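A look at the structure
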Protein chains: 2
Amino acid sequence: MADFATFVLKNVLVVSLAVNMCLIWKISFEDEQTLAFSWENIRQKLHFHGCCSNGEESNGIGKDAHVSTATQILATTSSGAAPFVTDGGEGVVINLDHGDPTMYEHFWKQKGQETTVVTSSWQHISYFSDIKNVCWFLEPGLMSAITRLHKVVGNAVTEGRHIVVGTGSSQLYQAALFALSPHNASRPMNVVSAAPFYSSYPLMTDYLRSGLHKWAGDANEFSKQEPYIELVTSPNNPDGFTRQNVVKGNKGILVHDLAYYWPQYTPILLPADYDIMLFTVSKSTGHAGTRIGIDSSKRKYLHLGFILKCHSWALVKDREIAKKMTTFIEINTIGVSKDSQIRAAKILQAISDSCDHANQKDAETFFDYSYKLMAQRWKEIREAVKKTKLFSLPNFPQETCTFSGRTFGQLPAFAWLRCEGEVDDCESFLRRNKILTRGGKHFGGSTKYVRISMLSRENEFKLLIQRLPAIIS
Amino acid sequence: MADFATFVLKNVLVVSLAVNMCLIWKISFEDEQTLAFSWENIRQKLHFHGCCSNGEESNGIGKDAHVSTATQILATTSSGAAPFVTDGGEGVVINLDHGDPTMYEHFWKQKGQETTVVTSSWQHISYFSDIKNVCWFLEPGLMSAITRLHKVVGNAVTEGRHIVVGTGSSQLYQAALFALSPHNASRPMNVVSAAPFYSSYPLMTDYLRSGLHKWAGDANEFSKQEPYIELVTSPNNPDGFTRQNVVKGNKGILVHDLAYYWPQYTPILLPADYDIMLFTVSKSTGHAGTRIGIDSSKRKYLHLGFILKCHSWALVKDREIAKKMTTFIEINTIGVSKDSQIRAAKILQAISDSCDHANQKDAETFFDYSYKLMAQRWKEIREAVKKTKLFSLPNFPQETCTFSGRTFGQLPAFAWLRCEGEVDDCESFLRRNKILTRGGKHFGGSTKYVRISMLSRENEFKLLIQRLPAIIS
């Protein structure tokens, strides 16, 4: 009897789970359509259509703005929920506009002990303060963790820099614009970046229709004799290339977004030494890879988003600019969550620890671990692309990394794939082949290109590798 | 010998501590002047002078903007560091523009166990998501904690409401303006509030010179035949009165800021039932009291700021508005830190638990505890003011609280003190008597009034009570 009861119970459970799945699917479908609609609105109102359509900070947003077809919803649901790809994947739409939350999870599980934080509600009432610090809400522990990591990796100069911590790199970006735009100017400051540029820049610049700054498009096209802020993303998102500023003007202020200047993505050649450098370690911890998908994945994106948030900081040479950035964050969100900073510090220290030679006997360094993952994936996608005449990938010069001593070409977090021949709309072409990517136009670039996430789930990445060579025009 | 060594050691320690204190004092002094300067700048550029000059979210900011005289620096240092008030306080300047981080600490220490959170770096990769939720980054645990607390206290209707969580009430305020302002209008939306109004509203509305909305001042003076957003803060900051909307227009949208609608500050008469209600529990947990001072206290302010941050939420009736608010927070800071939400949920649950009759045997409810503190302080300040003809305090009607069953008049977190007779500048008058307050003009009100924090440290509050009756005009 007991066995029978258990048997019945199991059946009921299976049925109920199936029902859940259908409901979730249905709901996410509706949810997306409405969200997509509201986003379409905002973007129209901003007279902007290229933004928010990438895998970064505003991935969730971008999705809302961009992904709204049933196919794509299905795709994302499928990628969000493993069961949909258990059929070998032939019929499955794969969404390669996102990464993989579990890609580095193995590494972090090993680090579980070191990076565990215990906090009580009555804690953090300490009166100690580092009042010499321009960014008064920056935790001293996080400051030293950031400084140490840059020293260990050798990717940025920290001496004589003020560290400003932000709730996400998007807030730091907005803080930099606030700090660098004159507050008494008759017209807003021009903000430019060379196409293809990170597709969230335009929305983050214009969503409040600020009188302080306005998006002025492709830096290559900018010829006004007006002050401007040029965003230099290096290595660049989406195409992975190392960059320098392009506007030949004397009225420009440069902001360097170095989110990908970490040794699993690019050879570290020397410590970056610019006036304003934006960093987020989310790209280096692999947590960026979790900011994926639409429905269930939105939550995944959030679930490590908090790490992303407290892992963003700016290295700023000028004290007044650092102060104004701090001011923006004060008005905007009253500083940055202290406990998030404490967790961030723990995680950054764990990364640095893993790089200490002393520890290397028993543990692989974090960057070795992630470099090998990236190198393997790039090897596989290049082999897949070689098998067909339809596509091409950028080639990067081999350089020697001062951190690892390895000589290699860039291993970007995104593949900037070009459709060769007569295919002009690469995004649509791939979608017809059930591969969802983000088209070049969203980055101010050509529709012959698409951006493909290299941080997707293993099963999705394998499907991509199988599918690309099989595509016929 | 050992004893002698210890003795010497102790002496050295004392000396070293004294030196530290002097250095901190010196540094904070310089730090403040520069900060104050940069703030003066921004405020001038914003053509605005009444903002950021209160004890709330932008206290740190307000201080920078507002407090820049040596006396005040000294004062804040003195209030920031206990040693300065051990002389009985006669000569000491007291800063009553801020609260007390330890005011409720005792309560939270009791709750230490319940509210302790343990998190590892590899956690929070859960795939579960509440995709039906408009605010996709809202933790289900926090949602239920918020709903439960409102039910327990009976201060707001949650049925048929969407909960949007924000990184601080200032972000939620900005999210509401973003959601309520038309994005295609030819001119920005008017934002008004009846004077005296919360002094951060103007800066938060105008700091980015947004084309979406602009501060339009005192709601009582607003007569344009244009759309407007009216902020109704009830109980009001600074004066503590219960409020209704005042603009008699049909083009208005109301936003209710109910940060102080908690039973230690005001009798709860019925569950608030408005379209858009902003809440922060920081005001009710007493953690608001920690956002104090300039130098070392800035850090205190931060140290519980994270609790404040994740303790702010909006109850929104309209789904589209809730979505747009969520959108703002997505672009602005990519959602809200998950671990902060988890801590917030714990703390809110602890407050609700303390209200359960089951628990009342062994523990005082949180609101009883805080009500008694507030009632005692109001009793003392009223007695002090009665002893002199120079000042008066507002009187509040006695009403019966549906939560506690007690009949009492409001016990605001701030005392709105009026200078009677010929004193026109009450802030300067009190400063001459070494009591630092925030003058009425910063709230769009009369200079005959000042706002005094009722959440200051016990020793400072005692000094105030001694000093007020002793003042002679």
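Chain A carries the name Alliinase C-terminal domain-containing protein in an unreviewed UniProt entry, which gives Deinandra increscens subsp. villosa as its organism.

Within chain A, the secondary structure is distributed over 15 helices and 16 strands. Accessible surface, chain A as shown: approximately 16500 Å² in total, 59% of it carbon and sulfur.

Applying the stated criterion across every chain yields a total of 46 aromatic pairs over all chains. Their ring planes at 75° and their centres at 4.9 Å tell us that Tyr198 of chain B and Tyr201 of chain B sit as a pair that is edge-to-face. Comparing Tyr198 of chain B with Tyr201 of chain B shows no difference in burial state: the two are buried. Here the aromatic rings of Trp416 of chain B and Phe443 of chain B are separated by 5.6 Å at their centres, their planes lie at 85°, and the arrangement is edge-to-face. Taken together, the positions of Trp416 of chain B in strand 13 (residues 414-419) and Phe443 of chain B in the loop between strand 15 (438-439) and strand 16 (449-453) put the pair 27 residues apart, joining distant regions of the chain. Residue classification places Trp416 of chain B among the buried residues on the basis of a relative accessible area of 6%. The exposure class assigned to Phe443 of chain B is buried, which follows from its relative accessible area of 0%. Members of the aromatic cluster, connected to one another through ring pairs, are Trp262, Phe279, Trp313, Phe366, Phe367 and Phe403 of chain A. One cation-aromatic arrangement involves Arg377 of chain A over Phe461 of chain A; the distance from NZ or CZ to the ring centre is 4.7 Å.

Another point: unusual backbone geometry. Where the residue is not glycine, phi is negative for most of them; where a peptide bond is considered, it is trans in most cases. Along the chain, Ala195 of chain A connects to Pro196 of chain A via a cis peptide bond; the corresponding omega equals -5°. For Pro196 of chain A, the location among the structural elements is in the loop between strand 4 (189-193) and helix 7 (201-206). For the bond running from Ser234 of chain A to Pro235 of chain A, omega is -5°, close enough to zero to count as cis. Residue position: Pro235 of chain A is located in the loop between strand 6 (228-233) and strand 7 (252-257). Positive phi, close to 45°, is recorded for Arg209 of chain B, a residue that is not glycine. By secondary structure assignment, the location of Arg209 of chain B is in the loop between helix 7 (201-206) and strand 5 (213-218). According to the relative accessible area criterion, Arg209 of chain B is partly exposed, its value standing at 29%.

With that settled, the discussion passes to the sheet that holds strand 7 (residues 252-257) of chain B. All names here are of chain B. Pairing is mixed across the open sheet formed by seven strands, whose spatial order is 3-9-8-7-6-4-5. A single partner strand is all that each edge strand has here, and the edge strands are strand 3 (162-166) and strand 5. On average, each strand axis in the sheet is inclined to that of its neighbour by 25°, with strand direction left out of account. Bridge count between strand 3 and strand 9 (residues 312-316): five bridges; the pairing is antiparallel. Residue Val165 lies in a different strand from strand 9, and its bridge partner there is Trp313. Its contacts with the sheet place helix 5 (residues 140-153) against strand 3, strand 8 (276-280) and strand 9, and it is angled at close to 110° to strand 3.

With that out of the way, let us pick up the environment of Lys448 of chain B. All names here are of chain B. Relative to the assigned elements, Lys448 resides in the loop between strand 15 and strand 16. Here Lys448 falls in the buried class, since its relative accessible area comes to 12%. Distance in space between the C-alpha atoms of Lys448 and Phe391 is 9.8 Å, their sequence separation being 57 residues. Those residues within four positions of Lys448 in sequence are excluded, and the remaining contacts are Leu417, Arg418, Cys419, Glu420, Gly421, Glu422, Val423, Asp424 and Cys426.

Residues and elements named next belong to chain A. Pairing within the open sheet is antiparallel, and its four strands lie in the order 10-13-16-15. The sheet is open, and its two edges are formed by strand 10 (391-392) and strand 15 (438-439), each paired on a single side. Examined bridge by bridge, strand 15 and strand 16 (residues 449-453) share two bridges and lie antiparallel to one another. Bridged to Arg438 within strand 16 is Arg451.

Geometrically, a packed helix pair is captured by the angle between its two axes and the distance between the axes. Interaxial distance between helix 6 (residues 169-180) of chain A and helix 10 (residues 319-333) of chain B falls to 6 Å at its minimum, and their mutual angle equals 75°. With respect to helix 10 of chain B, the element helix 6 of chain A is oriented roughly perpendicular. Residues Ser170, Gln171 and Gln174 of chain A of helix 6 of chain A touch helix 10 of chain B, and the partners they reach there are Ile331, Asn332 and Thr333 of chain B. Residue classes in the contact of helix 6 of chain A with helix 10 of chain B are distributed as one nonpolar, five polar and no charged.

Below, the discussion takes up helix 10 (residues 319-333) of chain A. All names here are of chain A. Relative to the 21 Å expected for 15 residues at 1.5 Å per residue, helix 10 spans 21 Å between its end C-alpha atoms, a close match to the ideal helical length. Between the side-chain oxygen at the start of helix 10 and the backbone nitrogen of Glu320 there is a gap of 2.9 Å, and the oxygen is on Asp318. Ile334 occupies a position one or two residues after helix 10 and carries a positive phi of about 55°.

So, on to the pairing of strand 13 (residues 414-419) of chain A. All names here are of chain A. Taking burial as the measure, the six residues of strand 13 include five buried ones, the bulk of the element. Where strand 10 lies against strand 13, two bridges are found, and the strand directions are antiparallel. By the bridge assignment, Phe391 is partnered in strand 13 with Cys419.

This part covers the pattern of salt bridges. Pairs may arise between side chains of opposite charge once their charged atoms sit close together. Residues and elements named next belong to chain B. Evaluation of the coordinates by the stated rule reveals 30 salt bridges over all chains. Among the ionic pairs, Lys151 bridges to Glu159, the shortest N-O distance being 2.8 Å. Here Lys441 makes a salt bridge to Glu427, at a shortest N to O gap of 3.7 Å. In this pair, Lys441 sits in the loop between strand 15 and strand 16 while Glu427 sits in helix 14 (residues 426-432), placing the two residues 14 residues apart along the sequence. Note on Glu427: relative accessible area 5%, which makes it buried.

Bringing the state of the cysteines into the picture now. Counting across every chain of the model gives two disulfides over all chains. The residue that forms a disulfide with Cys419 of chain B is Cys426 of chain B, at a sulfur-sulfur distance of 2.1 Å. Taking the torsion about the S-S bond as the criterion, the Cys419 of chain B to Cys426 of chain B disulfide, at about 65°, is right-handed. With no disulfide partner, Cys355 of chain A has as its closest neighbouring cysteine sulfur the one in Cys401 of chain A, 11 Å distant. Cys355 of chain A sits in the buried class, given a relative accessible area of 8%.

Analysis parameters
Residues numbered from 1 in each chain as written. Chains lettered and ligands numbered in written order. Predicted model: local features only at pLDDT ≥ 70, side-chain atom pairs only at ≥ 80, totals over all residues. Heavy atoms only, no water. Helix = DSSP H or I, 4+ residues; strand = E, 2+ residues; numbered from the N terminus. Areas by Shrake-Rupley, 256 points an atom, 1.4 Å probe, with all protein chains shown as cover. Phe/Tyr/Trp six-rings, centres within 6.5 Å; stacked < 30°, edge-to-face > 60°. Buried < 20%, exposed > 50% of the residue type's maximum accessible area, 1.4 Å probe, protein only. Lys NZ or Arg CZ within 6 Å of the ring centre and 35° of its normal. Pairing = 2+ DSSP bridges. Axes fitted to C-alpha atoms, helices over the stretch in contact; angles between N-to-C directions. Contact = heavy atoms within 4.5 Å. Parallel < 35°, antiparallel > 145°, perpendicular 65-115°, else oblique. Nonpolar A, V, L, I, M, F, W, Y, C, P; charged D, E, K, R; others polar. Expected span 1.5 Å × (residues − 1). Polar contact = N/O pair within 3.5 Å; in protein donor to acceptor, adjacent residues only side chain to side chain. Salt bridge = Lys/Arg side-chain N within 4 Å of Asp/Glu carboxyl O. Disulfide = S-S within 2.5 Å.

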